[in-house]
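Architecture and fold: a report
One-letter residues, chain by chain:
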Amino acid sequence: MKKILFIIIILFPNIIIAQDYLSNEKYGKNEQERKNFIKNFSLLSQLIKQKKFDDAFPYFLTLYKNHPRASKLIYYNGAKIFLSKTINATAYDSIIYYYNKLNDVYYRRIVVYSDTLKVSKNKMKTDSIILSNTKKHFNNEEQEKLEKITNNPYYNKENFIFSQIDDISDCNLYLSTYPNGKYVSQVKNRKQKLLEKKELTVYKTAKDGDKDDCNTYLSKYPNGKYVSQVKNRKQKLLEKKELTVYKTAKDGDKDDCNTYLSKYPSGKYVSQVKNRKQKLLEKKELTVYKTAKDGDKDDCNTYLSKYPSGKYVSQIKERKLYLDIKYADKVVDFNRYLNKYPSGEYYSDIKERKDNLANKLEKKRQARITKQKRDAQIKANSNIYKWQLGYKVCRQDYRGIVMGSLEQWNGNKTRAQIKIAASPGGLTDEGDKLTKGNTIWINPKKGWHLCLDDEKSYALSHDKSADFERYTSSNSSSSSNTKKGKFDLGDRVCMTGTKGVSFFATTVTLKATVEQWNNDYTRMHIKILNSGDGAIYKGEELYKGKLIWTTPYSWKKCN
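So, a few notes on the structure that sits alongside this text. (Residues numbered from 1 in each chain as written. Predicted model: local features only at pLDDT ≥ 70, side-chain atom pairs only at ≥ 80, totals over all residues. Heavy atoms only, no water.)

**Thoughts on the environment of V187**
Threshold: In this text, helices come from DSSP runs of H or I with a minimum length of four residues, and strands from runs of E with a minimum of two, each type numbered from the N-terminal end. For every residue, the accessible area (1.4 Å probe, protein chains only) is compared with the maximum for its type, and the residue is labelled buried under 20%, exposed over 50%, or partly exposed between those bounds. By definition in these notes, contact holds between two residues if any of their heavy atoms fall within 4.5 Å.
As for its placement among the helices and strands, V187 is situated in helix 10 (residues 184-207). Residue V187 is classed as buried on the basis of its relative accessible area of 1%. As for V187 and N172, which are separated by 15 residues in sequence, their C-alpha atoms are 8.7 Å apart. Beyond its immediate sequence surroundings of up to four residues, V187 is in contact with F162, I165, C171, Y174 and L175.

**Some remarks on the state of the cysteines**
As a reminder of what qualifies: The disulfide criterion is simple: two cysteine sulfur atoms within 2.5 Å.
Under the counting rule described, the total for this entry stands at two disulfides. Paired through a disulfide, C394 and C451 show a sulfur-sulfur distance of 1.9 Å. The sign of the 105° torsion about the S-S bond sets the C394-C451 disulfide as right-handed. Highlighted residues: C394 in strand 1 (residues 392-397) and C451 in the loop between strand 7 (449-450) and helix 19 (453-461), separated in sequence by 57 residues.

**Side note on the sheet that holds strand 7**
Applicable threshold: Any two strands with at least two DSSP bridges between them are considered paired. Angles shown run from 0 to 180 degrees and are taken between the N-to-C directions of axes, each axis being a line fitted to C-alpha atoms and, for helices, limited to the stretch in contact.
Spatially, the five strands line up as an open sheet ordered 6-3-2-1-7, and their pairing is antiparallel. Sheet topology places strand 6 (439-442) and strand 7 at the edges, where each strand pairs with a single neighbour. Sheet analysis places strand 1 next to strand 7, joined by two bridges and oriented antiparallel. From the neighbouring strand, V393 faces strand 7, where its bridge partner is L450. Relative to the sheet, helix 19 contacts strand 1, strand 2 (400-409), strand 3 (416-422) and strand 7, its axis offset from that of strand 2 by approximately 110°.

**Some thoughts on the environment of K51**
In this fold, K51 is placed in the loop between helix 2 (31-49) and helix 3 (53-66). Residue K51 is classed as exposed on the basis of its relative accessible area of 64%. Spatially, the C-alpha atoms of K51 and S84 are 9.3 Å apart, while their sequence positions differ by 33 residues.

**Thoughts on the pattern of salt bridges**
Between side chains of opposite charge, pairing is possible as soon as their charged atoms come close. Applied cut-off: Salt bridges, as used here, are contacts in which a Lys or Arg side-chain nitrogen is within 4 Å of a carboxyl oxygen on Asp or Glu.
One pass over the full model with this rule turns up 19 salt bridges. Across the salt bridge formed by R108 and D170, the nearest N and O atoms sit 3.9 Å from each other. Taken as a pair, R108 in helix 5 (residues 92-113) and D170 in helix 9 (residues 168-177) lie far apart in primary sequence, 62 residues in all. You can call D170 buried: its relative accessible area is 7%.

Take a look at the structure:
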């Protein structure tokens, strides 16, 4: 754990320093230059600590040339390198060469950081070290010469700064330090040439480069020597780019047109692109219109929502109204279209539909009037006090009309005897067959009335009672349920019925006694013994003592 903490403490400051270098433009114009500075600076520091001065020398030169204002440590480490080279040299010329380089490092540090006092103290120490370590290599004359050199605390500062001029920043340093110096004219000329050279470099990049390169030149040199050429170059690039975007829009879709118009609202091809966009919009609208023209109401609504002021709005509104009232059941709905579009596309169709509906409604009205009259007449003919012997009476059934002649009345006119004149066949009334020629007693209040003329003709033309009688007689022997012996008169019979309605209905057991059979024993007259009030049998409410006619098939004998 202690070892880990030690590593973190050692590395953490370096991480902070590296982050500072990467974000500080003092160490390079861009991130790559700053990364190179960190690499060279780190290697230089490590090699100096290991006293590998010869190996450290290339990294020092790189930093000294490219990053002269980055750190005092560059000069501090450079002094160590040249001190080592000076005291290890054996030839007088080499010693003097390295000693002069050492002084260059000191005086460059004075120029950049203005710390003359500290440099002077360091120089005194190094001079002493150099003199004590190099005596063995000098004769008396050379030693006196070297001592004379070392006794001079520092070189002429102006001469030194002038001698170190390499770039524009060096020129600015000299001119700001010695505005009236003896080298001012030379430095100004040098600066001018450097500026022209730098401008030429930026221009060459712009001359063959893109729009950003042109903008870089124009922003740096708004009054430069090559402004007109660069502006021409930029204009050509813009025109070329605009032409490319236009070509895409010329053959492209609406989005391509919008891209051109948003980028070049006052461009060279604005009118052509607007025309292209308009044609595309019209084509799209026409497609939606064609779908709506032959489509349903949803298609019409789609067109009207997309193109509320479109070219075909009137046609689509007419189409929509047509679809709305096409199957109308009111004449007034058809009139809405006919009044609004007297020359409309669907006028003849709507007119025909209106006429058909009017005819249909008129027929219904006439039929309703006829039925009302007929119902009123039937109601009037149900009055038994209008009946006279020999009159024809009728009863309507879902299978047809039964007609008979009135033969006689009972004492209180609650029942009448009729002779069947015509029947559709297969019908009974209280167990008696409604077959032509049969004489039966009926309850006149159960649907019987004096026949209308059309009922007489209908009943006679649809009389099938004879055919039905032949059919039932030929099949009667095959049914065991028609035999007289199934139940005897007086037998108790039972069956299951219901009480209540729908899902509230409950099951009850019906009990009755057999009172009478019809002629062919297909129906029996029974008297209800106990059903419970409210029980239903074939839609008829039952109660104790009630007499009903029914078929024997669903009943069974019981105690």
